[in-house]
Amino acid sequence: MASMYSSSLEALQLPFENLHLFDNSSLSLNASSTGVFPDPQRNHGLGFSRVGSFRSCLDYFTGESMNLGSSMFDDVNSNVSPGFQPIFSLDSEYSYGYSNWVIDMAKTEEGSKDLQKLLSNSTNNNRIFSWVFDFIVELMIDQSGRYLFQKLIESADETQLQMILEKLLVPHNYIYYASLLKYGSCSIKKLITVLEKSPLITCVIKALSDKFEKLMMDPIGHYVIFECLDVLDSQTNDPLNIQAMKHCLELVRHEQGSVSMSGFVTRIKGPRRDQLLKLISRNSAFLAQDPTGNYVVQCVIRLQNPAMNDQIFRNLEGYYVKLSTTKTGSYVVEHCLLSSGLDRVINELLRSDRLVSVAKDRYGNYVVQTALKESKKREISLHGSLVVKLEQHLKCLQHGYGRNVVSVLRCLQ
C-alpha cells in the first residue's frame, strides 16, 4: 500500500520524507453481504375489455367517486368510448397502456397526490403496484413520481418489496444509479427506512457496498451511505464499514471523499469504529499535511477519544513546527492545542529555534496566538515560558504577521 503513495511522499520536504501509510489487514465480514431473491408469484397487470375513462377506472377501484385532479383524466376521457366494463386479466392487451397513463400521471404534482390517495386500502395498492411495477425505476427518480414510490413501498407487503428489489438489482444495480440522483437518492433513503427490520435490507447494503467508493466520492450519493449509518445497526452496516476501512486512505485524499469520510467517522458505530479511527490515527502524520486528508484528522481529534488523540499527538511529535507553517497543517496543530495536545505542541515550540519564524508566518501566527490564549485560559506554567521567549523578540515581531502575536501578548497582560 505504501508504494501507491511513494510519489506523494517524495514530494514532501525533508522532515516528512520518511512517512508512510499503514494499510489495514484483511477483514472478516461478520454480516451477510449477499441476498438471494425468492421467486414470488407475480401479478403483472390489470386489463380491461374496453379502454374506458381513467376516472371511471379509479372510481371503480374505490367504489365511490373521488375528487381527483382533472387534467390527466380529461385527456384520456376525450379519446375513449363512454362504455366501460373492467375485466381483471393478467395478460390483457390494454394493461400496458394503462400503465403508461398511470406513470405519466404520477410524474405530475397533482397526479401523484391523486394516486397516493388511492393507496388507502390493499386492493387499490395491489392494482396500482401492478401498473407501475415495470416502470418503478422511472418513478423513483422523478420529482413527483418519487412520492408515489415512497407511499407505495410503505404499504407494500414482503412479496412486493422482494419484487421491487429484484427489479432494482437485476440485471443492473439501479440502487446505485438512483443514489447518484437528487430525487432517486430520496427514494433509496426511504427504501432503507422501510426495510430497516426486514432481512431484505442486506440486499440493499450489498448493492451499496459494491459501489461504496464511488458513492462516497459523489456529492449526492454519500448521503445514502449516511442514511444507512443513521438508521441501521452496526452489524447490518458491517459491509459498509469494511469498505470504509478498505478505501479510507484513498477517500480522504479526494475532495468530496474527505468530506464524506469525516461524516462517516462521526456516524460509525460498533467494533469497526475503533478500527477505522486507529487507521486514521496511525496515518495522521501523513494526512495532516494533505490538502484534504487533514480535515479527517481534525475530525478524529474533535471526537475527544483519549486513546486515538494520544496516538495522533505522538505521531505528530517532531512535525508540529513545520506543520504550523503550512495552510493545512496549521489547522491540525490548532486542533491539537485546543485539546489534550496543548502541552506537547508548546513544548516543541519552546524547544525550537524557529519559534519567531513561526510567529511571523502567515499561517504560523495563528498557531502561536492559539497557544498563547489556550495556555492562559488553562493557567498552565508553559504560558509564562512562551510569553518570556516571545517578548525577547518583540522588536522583530513588530512587522508583518508577527504584529498579530504582539497584539495578543498585550491583551493577555
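Residues numbered from 1 in each chain as written. Predicted model: local features only at pLDDT ≥ 70, side-chain atom pairs only at ≥ 80, totals over all residues. Heavy atoms only, no water.

By the naming in an unreviewed UniProt entry, the protein is PUM-HD domain-containing protein, taken from Gossypium mustelinum. Listed in UniProt under the heading Subcellular location (unreviewed entry), the comment for the protein reads: "Cytoplasm". (UniProt positions renumbered as here; feature names shortened; annotations may be inferred.)

Engineer: In this structure, what is going on with the overall build of the protein? I would like to understand it.
Structural biologist: Within the protein, the secondary structure is distributed over 28 helices and zero strands. Expressed as a percentage of its 413 residues, the buried residues of the protein come to 51%. Counting contacts in the protein only where the partners sit at least 6 residues apart, residues at least 24 apart contribute 75% of the total. Working note: accessible area of the protein is about 19,000 Å², and carbon and sulfur atoms make up 48% of it. (Helix = DSSP H or I, 4+ residues; strand = E, 2+ residues; numbered from the N terminus. Buried < 20%, exposed > 50% of the residue type's maximum accessible area, 1.4 Å probe, protein only. Contact = heavy atoms within 4.5 Å. Areas by Shrake-Rupley, 256 points an atom, 1.4 Å probe, with all protein chains shown as cover.)

Engineer: Sorry if this is basic, but what is going on with the UniProt feature "repeat: Pumilio" (unreviewed entry) in the protein here?
Structural biologist: Taken from the UniProt record, the annotation "repeat: Pumilio" (unreviewed entry) applies to residues 127-166, 278-314 and 348-389. Taken end to end, residues 127-166 is 78% helix and 0% strand, and its first and last C-alpha atoms sit 19 Å apart. Along residues 278-314, the helical share is 76% and the strand share 0%, with 13 Å between the first and last C-alpha atoms.

Engineer: I keep staring at the pattern of salt bridges and nothing clicks. Help me out?
Structural biologist: Side-chain pairs of opposite charge can arise where the charged atoms are in close proximity. Enumeration over the complete set of coordinates arrives at 14 salt bridges. Here Asp230 makes a salt bridge to Arg267, at a shortest N to O gap of 3.3 Å. With Asp230 in helix 14 (residues 222-231) and Arg267 in helix 16 (residues 255-267), this pair connects stretches of sequence that are 37 residues apart. Arg253 is the partner of Asp290 in a salt bridge, and the nearest nitrogen-oxygen pair spans 3.6 Å. Of this pair, Asp290 sits in the loop between helix 18 (284-287) and helix 19 (293-302) while Arg253 sits in the loop between helix 15 (238-251) and helix 16, and the two are 37 residues apart along the sequence. Where salt bridges share partners, they join Asp310, Arg314, Glu317 and Arg344 into one cluster. (Salt bridge = Lys/Arg side-chain N within 4 Å of Asp/Glu carboxyl O.)

Engineer: Can you walk me through the side chain of Asn365 in this structure?
Structural biologist: Within the fold, Asn365 resides in helix 25 (residues 364-378). For Asn365, a relative accessible area of 0% translates into the label buried. At a separation of 3.2 Å, a polar atom in the side chain of Asn365 contacts the side chain of Asn404. Residues contacting Asn365, with those up to four places away along its chain left out, are Val358, Ala359, Tyr401, Asn404 and Val405. (Polar contact = N/O pair within 3.5 Å; in protein donor to acceptor, adjacent residues only side chain to side chain.)

Engineer: Looking at this structure, how should I read the packing of aromatic side chains?
Structural biologist: Within a pair of aromatic rings, the relevant descriptors are the distance that separates the centres and the angle that separates the planes. Inspection of every chain in the model, using the stated rule, returns four aromatic pairs. For the ring pair Phe212 and Phe264, a centre distance of 5.8 Å and an interplane angle of 90° mean the geometry is edge-to-face. Of this pair, Phe212 sits in helix 13 (residues 212-216) while Phe264 sits in helix 16, and the two are 52 residues apart along the sequence. Of the two residues, Phe212 and Phe264, neither departs from the other in class, the shared state being buried. (Phe/Tyr/Trp six-rings, centres within 6.5 Å; stacked < 30°, edge-to-face > 60°.)

Engineer: Mind showing me how you'd approach the packing of helix 12 (residues 201-210) against helix 15 here?
Structural biologist: For any two helices packed against each other, the geometry is given by the interaxial angle and the distance between the axes. Put simply, helix 12 and helix 15 touch, their axes get as near as 9 Å, and they point 10° apart. Between helix 12 and helix 15, the angle falls in the class roughly parallel. Of the residues in helix 15, those touching helix 12 at Ile205, Leu208 and Ser209 are Pro239, Leu240 and Gln243. Of the residues that constitute the contact of helix 12 with helix 15, the class distribution is four nonpolar, two polar and no charged. (Axes fitted to C-alpha atoms, helices over the stretch in contact; angles between N-to-C directions. Parallel < 35°, antiparallel > 145°, perpendicular 65-115°, else oblique. Nonpolar A, V, L, I, M, F, W, Y, C, P; charged D, E, K, R; others polar.)

Engineer: Looking at this structure, how should I read the nonpolar core?
Structural biologist: The nonpolar side chains of a soluble globular protein tend to be buried with one another. Formed by 108 residues in total, the largest nonpolar core has its most connected members in Leu208, Phe264 and Leu390. A domain split of this core shows at least three residues from each of domain 1 (96-232) and domain 2 (317-412). Excluding residues within four positions of it along the chain, Leu208 makes contact with Ile175, Ser179, Ile192, Leu215, Val224, Ile225, Cys228 and Leu240. (Core = buried A, V, L, I, M, F, W, Y, C linked by side-chain atoms within 4.5 Å. Domains from an automatic or database assignment.)

Engineer: How do you make sense of helix 9 (residues 158-169) when you look at a structure like this?
Structural biologist: The α-helix winds at 3.6 residues per turn, so residues separated by three or four positions along the chain end up facing the same way. For helix 9, spanning 12 residues, the distance from its first C-alpha to its last is 16 Å, which sits close to the expected 16 Å at 1.5 Å a residue. Within the span of helix 9, buried status applies to Gln160, Leu161, Gln162, Met163, Ile164, Leu165, Leu168 and Leu169. Where helix 9 is buried, its residues meet helix 6 (122-132), helix 7 (136-140), helix 8 (145-155), helix 10 (174-179), helix 11 (182-194) and helix 12. Structurally, the start of helix 9 carries an N-cap: the backbone nitrogen of Thr159 is 3.2 Å from a side-chain oxygen of Asp157. (Expected span 1.5 Å × (residues − 1).)

Engineer: So what exactly am I meant to see when it comes to the side chain of Ser198 here?
Structural biologist: Checked against the element boundaries, Ser198 lands in the loop between helix 11 and helix 12. Looking at Ser198, its side chain comes within polar contact range of the side chain of Glu158, at 2.9 Å.

Engineer: Before we go on, may I ask you to explain the environment of Ile103 in this structure?
Structural biologist: Relative to the helices and strands, Ile103 is located in helix 4 (residues 95-106). Taking relative accessible area as the criterion, Ile103 reaches 3% and is therefore assigned buried. On a C-alpha basis, the gap between Ile103 and Trp131 in space is 8.3 Å, while along the polypeptide they are 28 residues apart. Here Ile103 is in contact with Val132, Phe135, Glu138 and Leu139, once residues within four sequence places are set aside.

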